[in-house]
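Examining the three-dimensional arrangement
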Amino acid sequence: AQLHTLALAAGLEYFGTATDNIELSDAALVTALSNLTEFGQITPGNSQKWDSIEPSPNTFSFEKGDAITALGAKNSQLLRCHTLVWFQQLPVWVQNGTWTNATLTAALKNHITTTMTHYKGQCYAWDVVNEALESDGSFRESVFFKTMGESYIKIAFDTAAATDPDVKLYYNDFSIENPGPKATGALNIVKSLKASGTKIDGVGLQAHFIVGSTPSKAVQIKNLESFTALGVEVAYTELDIRMTLPSTAALDAQQTTDYENTVAACVQVTNCIGVTVWDFSDKYSWVPSTFPGTGSALPFDENLVRKSAYFGIVAGLTGA
Ligand code: G3I
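Residues numbered from 1 in each chain as written. Predicted model: local features only at pLDDT ≥ 70, side-chain atom pairs only at ≥ 80, totals over all residues. Heavy atoms only, no water.

**Observations concerning the overall build of the chain**
- A tally of regular secondary structure across the chain gives 13 helices and 10 strands.
- The C-alpha radius of gyration of the chain comes to 19 Å, within 12% of the 20 Å expected for a compact globule of 320 residues.
- Here the C-alpha coordinates of the chain stretch approximately 55 × 40 × 35 Å along the principal axes.
- Among the 320 residues that make up the chain, the fraction classed as buried is 55%. (Helix = DSSP H or I, 4+ residues; strand = E, 2+ residues; numbered from the N terminus. Rg over C-alpha atoms; globule rule 2.2 N^0.38 Å. Buried < 20%, exposed > 50% of the residue type's maximum accessible area, 1.4 Å probe, protein only.)

**Overview of empty space enclosed by the protein**
- Here the structure, examined in full by the defined rule, presents one cavity of 30 Å³ or more.
- Approximately 40 Å³ is the volume attributed to the largest cavity.
- For the largest cavity, the full set of lining residues is Val85, Trp86, Phe87, Asn130, Glu131, Ala132, Arg140, Ser142, Phe144 and Tyr152.
- Each residue belonging to the lining of the largest cavity can be placed in one class, and the counts come to six nonpolar, two polar and two charged. (1 Å grid on protein atoms, 1.4 Å probe; cavity = no way out; pocket = protein on both sides within 12 Å on 5 of 7 lines; lining within 4 Å. Points joined across faces, edges and corners; volume = space filled by probe spheres on them. Nonpolar A, V, L, I, M, F, W, Y, C, P; charged D, E, K, R; others polar.)

**Regarding the nonpolar core**
- Formed by 84 residues in total, the largest nonpolar core has its most connected members in Val129 and Phe144.
- Sequence-distant contacts of Phe144, that is, excluding residues within four places in its chain, are made with Trp50, Val85, Trp86, Leu90, Val94, Leu104, Leu108, Gly149 and Tyr152. (Core = buried A, V, L, I, M, F, W, Y, C linked by side-chain atoms within 4.5 Å. Contact = heavy atoms within 4.5 Å.)

**Let's talk about the state of the cysteines**
- With the rule as written, the count across this model stands at two disulfides.
- One disulfide in the model links Cys81 with Cys123; its S-S distance is 2.1 Å. One disulfide, between Cys81 and Cys123, carries an S-S torsion of -80° and so falls in the left-handed class. Taken together, the residues Cys81 in strand S3 (residues 78–85) and Cys123 in the loop between helix H6 (101–118) and strand S4 (125–130) connect sequence positions 42 residues apart.
- For Cys81, a relative accessible area of 0% translates into the label buried.
- With its sulfur 2.1 Å from that of its partner, Cys266 forms a disulfide with Cys272. Judged by the sign of its S-S torsion, about -100°, the cystine formed by Cys266 and Cys272 is left-handed.
- Given the relative accessible area of 0%, Cys266 is considered buried.
- Residue Cys272 is classed as buried on the basis of its relative accessible area of 4%. (Disulfide = S-S within 2.5 Å.)

**Here's the deal with the side chain of Asp258**
- Locating Asp258 in the fold gives a position in helix H11 (residues 249–268).
- Buried charge without a salt bridge: Asp258, with Arg242 as the nearest opposite-charge side chain at an N-O distance of 11 Å.
- A polar contact is formed between the side chain of Asp258 and the backbone nitrogen of Gly212, at a distance of 2.9 Å.
- Each residue touching Asp258, except ones within four places of it in the same chain, is listed here: Ile210, Val211, Gly212, Thr214 and Ile241. (Lys, Arg positive; Asp, Glu negative; His and termini not counted. Salt bridge = Lys/Arg side-chain N within 4 Å of Asp/Glu carboxyl O. Polar contact = N/O pair within 3.5 Å; in protein donor to acceptor, adjacent residues only side chain to side chain.)

**Digging into unusual backbone geometry**
- With an omega dihedral of 0°, the bond running from His82 to Thr83 counts as a cis peptide bond.
- Along the chain, Thr83 turns up in strand S3.
- Residue Pro246 is bonded to the preceding Leu245 through a cis peptide linkage, with omega at 0°.
- As for its placement among the helices and strands, Pro246 is situated in the loop between strand S8 (233–244) and H11.
- Despite not being glycine, Ser76 has its phi angle at roughly 60°, a positive value.
- On the secondary structure map, Ser76 appears in the loop between helix H4 (63–74) and S3.
- When its relative accessible area of 56% is taken as the criterion, Ser76 is described as exposed.
- Residues other than glycine seldom take positive phi values, yet Asn271 does so here, at roughly 75°.
- Mapped onto the secondary structure, Asn271 falls in the loop between H11 and strand S9 (272–277).

**Comments concerning the confidence of the model for the chain**
- Averaged over every residue, the pLDDT of the chain is 98; the share at 70 or more is 100%.
- Predicted as a complex, the structure gets a pTM of 0.98 and an ipTM equal to 0.93. (pLDDT = per-residue confidence, 0-100.)

**Thoughts on the packing of aromatic side chains**
- Within this structure, the stated rule accounts for 16 aromatic pairs.
- Between Phe39 and Phe280 the ring centres are 4.7 Å apart and the planes differ by 40°, which places this aromatic pair in the tilted class. With Phe39 in the loop between helix H2 (27–33) and strand S2 (41–44) and Phe280 in the loop between S9 and helix H12 (287–290), this residue pair connects regions lying 241 residues apart in the sequence. Of the two residues examined, Phe39 and Phe280, each falls in the buried class.
- Centre to centre, the rings of Trp286 and Phe291 are 5.6 Å apart; their planes meet at 70°, and the pair counts as edge-to-face.
- Classification of Trp286 by relative accessible area gives partly exposed; the value is 27%. (Phe/Tyr/Trp six-rings, centres within 6.5 Å; stacked < 30°, edge-to-face > 60°.)

Structure (structure tokens):
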């Protein structure tokens, strides 16, 4: 059996992958991506971000996002929609605009309302706010934080809940897979939203890991449970595990173990509902361009052949 089928058998809602528009012209990739026994969920890697959707004020462009969501619908795959409010991939008019609290609040609400209305009924979940925290757990000095203070997070979630009450609303971040100041910051976001009566359904832990320094299964379980104890679901939303190239048998073996431990941690936590890899073939990984000299982070190689890492995921899903 393959990954999504095994995930369902393990009690998860999906095993999924990110994809991007450039991949849609790669026929072999699309065939592999469209295999519902392997991938029951997809995430658009770039085409639902603010710079893609609203490149100039109140001018919306959904074509690229729609190309991905249409493929998911055709394949009967769940969709994780990504992302409404993030400090990166902002159009210049947002990033460098002259804002007051009132004008940026209006622009943020308009972006969320228009985007979520367009995709209403299509998404399993929205990553409403992405990466609001620094590594010490303080708030990142984004244009949103600098202009609106931390209230931008509550405003974003309240606007999202009012626009589509049926979709799951997530906070999504990286380096919150270990207990520590940043995970504590994310826990505090959940607590403070809930304390003020704001709807938040889930926390996405991105899980951009490094071979050999991936947290242990026990640590990951404890950390995931610190979130679910607050009454939210959790998911691994952008899993990849990079290594310094060239790969060796030892690195591949460690990576296989790291994948197994991560997936097994999710399986063992009630309310950890799914795992998404941040693309599935090394041909389309974001890693080598961002961290030169590293790569081989995903379960399929550049020729779409299953790697040892794939069988680590299988082991994590089956407890074998
Ligand atoms: O669209 C332009 C294209 O017109 C141009 O020709 C080309 C030349 O470089 O660049 C294209 O834009 C690139 C875009 O991906 C689409 O391919 C950007 O340069 C590049 O920076 C961008 O990278 C994306 C990155 O987010 C940006 O921060 C990655 O593909 C995407 O995988 C990555 O995803 C993020 C998640 O959203 C949030 N968590 C971290 C994760 C990894 O960084």
